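One-letter residues, chain by chain:
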Amino acid sequence: MEQVGQLLGSDVVRILAGLIGVIALVAVNALFLIWMERKVSAHMQLRPGPMEVGWHGAIQTIADAVKLMGKELITPEEVDRPIFYLAPIVVFLPVLLCFLVIPFSQTMIVRDMNVGIVLILAFSTLTVLAILMGGWASNNKYAVFGAIRSVAQNIAYEIPLLVTVMSIILMVGSFKLTDIVAAQSRCWFILMQPLAFILFIICATAETNRTPFDLPEAESELVAGFHTEYSGMRFALFFLAEYTNMFIVSAVATVLFLGGWHGPILPGVVWFLIKVYAVIFLIMWFRWTFPRVRFDQLVTFAWKILIPLSFANLLLTALLLKIF
Amino acid sequence: MITSGIEEKTFALNLGPQHPSTHGVLRVLLEMDGEYIVKAEPVIGYGHRGHEHMAENRNYQQFLPNMGRVDYLHALAFNQGYCMAVEKLIGVTVPERAEFIRVILNEMNRLTSHLLWVGAYLMDLGAFTPFLYCFDDRERLLDLLDRITGSRLTYCFFRFGGVPVDLDDEFIFGTRAFIKRLRSRWVDYDNLVTKNVIFINRARDVGIITREMAVQYGVTGPTLRGSGIPYDIRKSEPYSAYPLFDFEIPVGENGDILDRYVVRMREMEQSLRIIEQALDKLPNGPIMAEKVPKRLKPAAGEVYQAVETARGEFGCYVVSQGDIKPYRIKLRVPSFSNLSILPEILKDTLVADAVAILGSIDVVIPEIDR
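The following paragraphs examine the structure supplied in this document. (Residues numbered from 1 in each chain as written. Chains lettered and ligands numbered in written order. Predicted model: local features only at pLDDT ≥ 70, side-chain atom pairs only at ≥ 80, totals over all residues.)

## Topic: the packing of helix H4 (residues 81-98) of chain A against helix H11 (residues 232-257) of chain A
All names here are of chain A. At a minimum axis distance of 9 Å, the contact between H4 and H11 shows a crossing angle of 25°. Relative to H11, the element H4 lies roughly parallel. Between H4 and H11 lies a crossing whose hand is left-handed. Contacts between H4 and H11 involve Pro88, Val91, Phe92, Val95 and Cys98 from the first element and Arg234, Leu237, Phe238, Leu240, Ala241, Thr244, Asn245 and Ile248 from the second. Grouping the constituent residues of the contact of H4 with H11 by class yields 10 nonpolar, 2 polar and 1 charged. (Axes fitted to C-alpha atoms, helices over the stretch in contact; angles between N-to-C directions. Helix = DSSP H or I, 4+ residues; strand = E, 2+ residues; numbered from the N terminus. Parallel < 35°, antiparallel > 145°, perpendicular 65-115°, else oblique. Left-handed = near helix turned anticlockwise from the far one by under 90°. Contact = placed C-beta atoms within 7 Å. Nonpolar A, V, L, I, M, F, W, Y, C, P; charged D, E, K, R; others polar.)

Now the structure itself:
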C-alpha cells in the first residue's frame, strides 16, 4: 500500500495525469470555443447560428469533427511529403506543452516551473515554424504567401510581446506564473499597467493570427493561406491548434494582467476560466468587427508603433520601480 | 497571356477563376514580384452564354427574360434599357404612372445592388459582419420587390409599353417604412465602417483612377464619379421620369477606392430620395400603353438607348430589318469597360490591394461575358 501511495504521489503519475487532463481540456476547449465563435459571430451578425444539433447547436462541433475525421486526407502530388505530413503534428505539440505550466488555480498546475512564462513564450513561437513548414511543403503559391506572411508577422509581433511581458516580470521579479498571480492578490496588473495590457492584447491577436491580423490565412486574398492544401484531420489539427493558441494567450493575459485565479466566493479555477473566456470573447469581438489590415501596414504598425511603445513602457516601469 | 515563361525574379499567380474574391468566374493572371504585382491581366469569358446571339434567334418579347440575366444584380435597369429601346423602335409612349413605377422599382433594385456591393466589398477587406447587415437590409427590399415583380433576383418585369402589375398600398407603406429604417442604419454603417481607421487606411490613396484615365478607358458609373466626373445618364441624358425628381450626383475627389465607396454610399441616399419623391408624386392612370401589338414587327431602323445601372452606362442598340426578330442587339455593358482599366491600376500594388481594387470597381462577371 505504501508503495502505491508513493507511486500516486510521484512526479511521473502527476505528469501522466496532467497530460491526460491537458489533452482532454484541449479537446473540450476547442469544441467549446468553436461553438462559442459561431454563436458570438452569429449574434453579432443578427442571426441565430447553429441551432439544430443539441441545445442551441451545442454539439454541432462534435458532428463537424466526426465529419472531418471521415474525410479523405488529400495529399497533392507535388508536395514535399515528409514536411507536409509533419506540419500538423508540429503545430499541435508545442500548444500541448504550453498547458503544462498554466496555473488554473493555486494547486491546479501540472508543473510549476520557475521559467513558466519563458516556456510558454518559447513554445508558442514554435507554431510559426509549423505554419512555415505547412505552407512551404504545400508547394502552392497561396500557401507560401501565407507562410511567409506568418513568419514576418510573428517576428514583428514577438518583440513587443516579450518586452511587454518583461515589464510585468520586472514588477514581480519572477518568471514563475504562480508568483505573478500571487503578486496580484490586492491589485490586478491591468490597473497598474493599462498600456501594457493593450499592447499585449494587440500582440496576442497578431500572434494567434486573428482578424484584424489574420493575414496568413486571409481568406479573400489568399484563399485559405498556409493550410490551403490541407484537408480532413490534418486541417482540423491546424484549426484545433489555432483555437488552443487563443486559449493560451488568453490564459497568459489572465495570469499577467487579470489576477489569475483571484476572485471572491467562487473557487479559483472558475474565476480563472471566466477571465480566460472573457479575454477570448474580446478577441472574437475584434474579429467580427474589424476589417483586415494590409500586410505592410501590419509590419509598419509593429515596428514603428508597438515596439517603441512597449520599450517606453518597460523603461517607465523600471524607472518607477527604482524610484518607489 | 503571360507566355514568355517566368522571368528569374517574378512568378505568375492565378487569381481565380475559383477564388473567394473574384466574385464569380473572373480570372486575373498576375505576374508577381514577391507580394507586388508587376503585371495583371484579366481573363474573361468563363460565363459566356451568347445573349447577343440569342437575341437574333427569337422575337422581341422572347428576349426580354434574357435581360434579367445579363447583370443579375441590377436586372431591372437592363429590363428598362431594352424595353425603352424597343418602345422607341415601335413608337409607343409609356403612361406616366408606369414610368413612375419603373423608376421606383429601378431605384430599389439599385439599392439592393449597392447594398450587396458594400457587404461583399467589406468582406474582401476582411470584415465579415457588414455583409450580414447589408443582407438584412437587402432582404427587406427583395421582399418588397418580390411582392410586385414576383421574383427576387432575375427580374423580368417591365413590358413594352408599361408594367404588368400596379403598386398596391401595402407595397407603398412597406417601402416608406423601409426608407425610414435604412436611413436609421446609416449611423451604424458610418460608425463601424466609414469612420473605421483600419478601413480608411486601407482605402485611402489606393487604386487611384485619375480623371484622364477614367475617360480614356470609357469607365462609367460610380467608378467614374469617384474620380470626380459628375456623369450620370439619369442627369446627362434624362430618361423615363427622372427629370421630374430632385436628386444629386455625388462625386469623389481623388478617385481612390475610398472615394468610390463614399460615392456609392451617398448614391444610396439619393436613391432613397428619388423613391420618396416618386411615391409622393405617384400619378393615377393606366400602367400600360394602349395598342401595343401582340406581335411586334417594327419597321426597319435602329435605336440606341442608354440607362444608368448600378455599375454605369448600359446601352442597348437594336437594329431591326422589319422582321419579327431583331437583326442585331448589341449590349454595351458598364462592367466590361470598367474592368478594362484593371491592368493599369493594379500595377505595382500588393495582392491585398488588388483584391480591394477589383472589388471597388464592382464588376459583375456574367455581364462582362454576356
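Okay, back to it.
## What about the sheet that holds strand E4 (residues 301-309) of chain B?
Residue and element names in this part refer to chain B. An order of E4-E5-E6 is seen for the 3 strands of this open sheet, with the pairing classed as antiparallel. Because the sheet does not close on itself, it has two edges, and the strands there are E4 and strand E6 (328-332). The sheet shows a mean angle of 10° between the axes of neighbouring strands, direction not considered. Relative to strand E5 (residues 312-320), E4 runs antiparallel, the two sharing 9 bridges. When the bridges of E5 are listed, Ala306 appears paired with Gly315. (Pairing = 2+ DSSP bridges.)

## Concerning the interface of chain A and chain B
Facing 22 residues of chain A, the contacting portion of chain B comprises 27 residues. Sorting the residues of the side of chain A that touches chain B by element identifies helix H10 (219-222) and helix H13 (295-323) of chain A as the ones contributing at least two each. Taken together, the residues of the side of chain A that touches chain B sort by class into 10 nonpolar, 5 polar and 7 charged.

## Describing the environment of Ile324 of chain B
Residue and element names in this part refer to chain B. Considering the arrangement of structural elements, one finds Ile324 in the loop between E5 and E6. Exposure remark for Ile324: the 14 C-beta atoms within 10 Å place this residue in the partly exposed category. Spatially, the C-alpha atom of Ile324 lies 45 Å from that of Val355, the residues being 31 residues apart in sequence. Residues in contact with Ile324, not counting those within four places in the same chain, are Asn59, Arg295, Leu296 and Lys297. (Buried ≥ 20, exposed ≤ 12 C-beta atoms within 10 Å, placed from the backbone.)

## Some words on helix H2 (residues 11-44) of chain A
Residues and elements named next belong to chain A. With 34 residues, H2 extends 46 Å between its outermost C-alpha atoms, agreeing within 8% with the 50 Å of an ideal straight helix rising 1.5 Å per residue. For H2, the full list of buried residues reads Val22, Val26, Asn29, Ala30, Leu33, Ile34, Trp35 and Glu37. Elements that come into contact with the buried residues of H2 comprise helix H3 (60-70), H4, H11 and helix H12 (268-287). Positive phi shows up at Leu46, right after H2, with a value of about 60°. (Expected span 1.5 Å × (residues − 1).)

Honestly, that's just the spatial picture; any functional story needs more than this.
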